Amino acid sequence: VCQKWVNREISNFDYLIQLNTMAGRTYNDLAQYPVFPWILRDYTSEELDLNNPAVFRDLSKPIGVVNEKNAKTVKEKYENFEDPLGIIDKFHYGTHYSNAAGVMHYLIRVEPFTTLHIQLQSGRFDCADRQFHSIPATWQALMDNPNDVKELIPEFFYFPEFLENQNGFNLGQLQISKEVVNDVVLPKWAHSPEDFIYKHRKALESEYVSAHLHEWIDLIFGYKQRGPAAVEALNVFYYCTYEGAVDLDALTDEKEKKALEGMINNFGQTPCQL
């Protein structure tokens, strides 16, 4: 698959889907849903110029430190962390770039994710300010907050319907602006959900991304996923998210086992290292 991709016999999208599948990711498990990168950083221009490298996100950095300002905080957190019991290893992020709640967050407007979200929130929609209501605002939040490290899901590149509230769900209104949460607010350069998907997919298949995609793949699926390379890349997550970090079969205490299983399921999981 790698050779096919290098020879440009398969698209960037197909390559990412294949890598996700090999690393144990699947549409059938919200806790291990396929993970895709944020690839743009320009969500405010009237026109999107894919020939300009400045419109693209730096794919060599984890999303939590794409904004240079966050790197210092993230580094300090890692260096100052000490678990007195010696169980928990040092980490840069206490949250994860892919988890069940994040998938439901993006897909809240389409079933069965709407119902799953309502179940997760004890029978009602989460408050409007925490909903996915705007692509530019979501990106801004990532840039401002080193604790929010959500990457994307494949739907951002082929499924315009998830950006529309076709079922007319009452998602509430924002506290400050009183704006009603309905269809997802798009970047200025997108004239409709279809136009957003078309341009976003074009960006994924662009020359710039083709030349830099391997840098992101190293972080998520490759050698920068764990060990010294991960530390250097500011890419270490909470210990429970890694494959093989916890031996559930060795736990004799049922309660402890259940708690850990729940944590692994809800917290997010790092793909198998390829």
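Rules behind the numbers
- Residues numbered from 1 in each chain as written.
- Predicted model: local features only at pLDDT ≥ 70, side-chain atom pairs only at ≥ 80, totals over all residues.
- Heavy atoms only, no water.
- Helix = DSSP H or I, 4+ residues; strand = E, 2+ residues; numbered from the N terminus.
- Rg over C-alpha atoms; globule rule 2.2 N^0.38 Å.
- Buried < 20%, exposed > 50% of the residue type's maximum accessible area, 1.4 Å probe, protein only.
- Lys, Arg positive; Asp, Glu negative; His and termini not counted.
- Charge placed at Lys NZ, Arg CZ, Asp CG, Glu CD.
- Salt bridge = Lys/Arg side-chain N within 4 Å of Asp/Glu carboxyl O.
- Polar contact = N/O pair within 3.5 Å; in protein donor to acceptor, adjacent residues only side chain to side chain.
- Core = buried A, V, L, I, M, F, W, Y, C linked by side-chain atoms within 4.5 Å.
- Contact = heavy atoms within 4.5 Å.
- Phe/Tyr/Trp six-rings, centres within 6.5 Å; stacked < 30°, edge-to-face > 60°.
- Arc of directions from axis to C-beta.

Visitor: Outline the overall build of the protein chain, supporting the account with residue identities and numerical values.
Guide: When helices and strands are tallied, the protein chain shows 10 helices and 0 strands. Going residue by residue from the N terminus, the α and β elements of the protein chain occur as α-α-α-α-α-α-α-α-α-α. For 274 residues, the compact-globule estimate of 2.2 N^0.38 gives 19 Å, and the protein chain sits close to it at 19 Å. Buried residues in the protein chain amount to 48% of all 274 residues. Taken together, the 25 basic and 39 acidic charged side chains of the protein chain have centroids lying 3 Å from each other.

Visitor: Give me the lowdown on the pattern of salt bridges, citing residues and values where you can.
Guide: It is possible for side chains of opposite charge to pair when their charged atoms get near one another. This model, assessed by the stated rule, comprises 11 salt bridges. Between Glu207 and Arg8 there is a salt bridge; the shortest N-O distance is 3.0 Å. With Glu207 in helix H8 (residues 207-220) and Arg8 in the loop between helix H1 (2-6) and helix H2 (12-22), this residue pair connects regions lying 199 residues apart in the sequence. An identical accessibility class is assigned to Glu207 and Arg8; each is exposed. Its salt-bridge partner being Lys61, residue Glu68 comes within 2.8 Å of it at the nearest N-O pair. Several salt bridges share partner residues, and in doing so they unite Asp58, Lys61 and Glu68 into one network.

Visitor: If you had to explain the side chain of Asp148 to someone new, which residues and values would you point to?
Guide: Position of Asp148 among the secondary structure elements: in the loop between helix H6 (135-144) and helix H7 (193-204). The exposure class assigned to Asp148 is buried, which follows from its relative accessible area of 17%. A polar contact of 3.3 Å, which involves the side chain of Asp148, links it to the side chain of Lys150.

Visitor: An account of unusual backbone geometry is requested, with residue identities and associated values reported.
Guide: Cis geometry marks the peptide bond from Glu111 to Pro112, where omega comes out at 5 degrees. Mapped onto the elements, Pro112 comes out in the loop between helix H4 (100-106) and helix H5 (113-120). Despite not being glycine, Lys178 shows a phi value in the positive range, around 60 degrees. Among the secondary structure elements, Lys178 is positioned in the loop between H6 and H7. The backbone phi angle of Leu234 is positive, close to 55 degrees, even though this residue is not glycine. Looking at the element boundaries, Leu234 is found in the loop between helix H9 (228-232) and helix H10 (254-267).

Visitor: How would you sum up the nonpolar core? Please name residues and give values.
Guide: Within the largest apolar cluster, 73 residues are counted, with the highest numbers of intra-cluster contacts made by Trp38, Leu40, Ile135, Phe156, Leu163 and Phe196. Those elements that provide at least two residues to this core are H2, helix H3 (68-80), H4, H6, H7, H8 and H10. Top element by residues in this core is H8. It accounts for 6 residues. When sequence neighbours within four positions are dropped, the list of residues in contact with Phe196 reads Ile135, Phe156, Leu163, Leu186, Pro187, Trp189 and Ala190. Ile108, Ala128, Phe169 and Leu171 belong to the second-largest nonpolar core, a separate cluster that totals 7 residues.

Visitor: Tell me what's going on with the packing of aromatic side chains, and back it up with residues and numbers.
Guide: The final tally for this structure, using the stated rule, is 27 aromatic pairs. Note on Phe132 and Phe162: the rings are 6.4 Å apart at their centroids and 15 degrees apart in plane angle, and the pair reads as stacked. With Phe132 in the loop between H5 and H6 and Phe162 in the loop between H6 and H7, this pair connects stretches of sequence that are 30 residues apart. Under the relative-accessibility criterion, Phe132 is labelled buried at 0%. With a centroid separation of 5.4 Å and 50 degrees between ring planes, the pair formed by Tyr238 and Phe267 is classed as tilted.

Visitor: Help me get a handle on H6, residues and values and all.
Guide: For an α-helix, 3.6 residues make a turn, and residues three or four places apart therefore share a direction. Here H6 has its buried residues at Ile135, Thr138, Trp139, Leu142 and Met143. Taken end-on, H6 shows its buried residues confined to a sector of 140 degrees, consistent with a single buried face. Buried residues along H6 sit against H3 and H7. At the N-terminal end of H6, a side-chain oxygen is found 3.0 Å from the backbone nitrogen of Ala137, two or three residues along, and the residue is Ser134.

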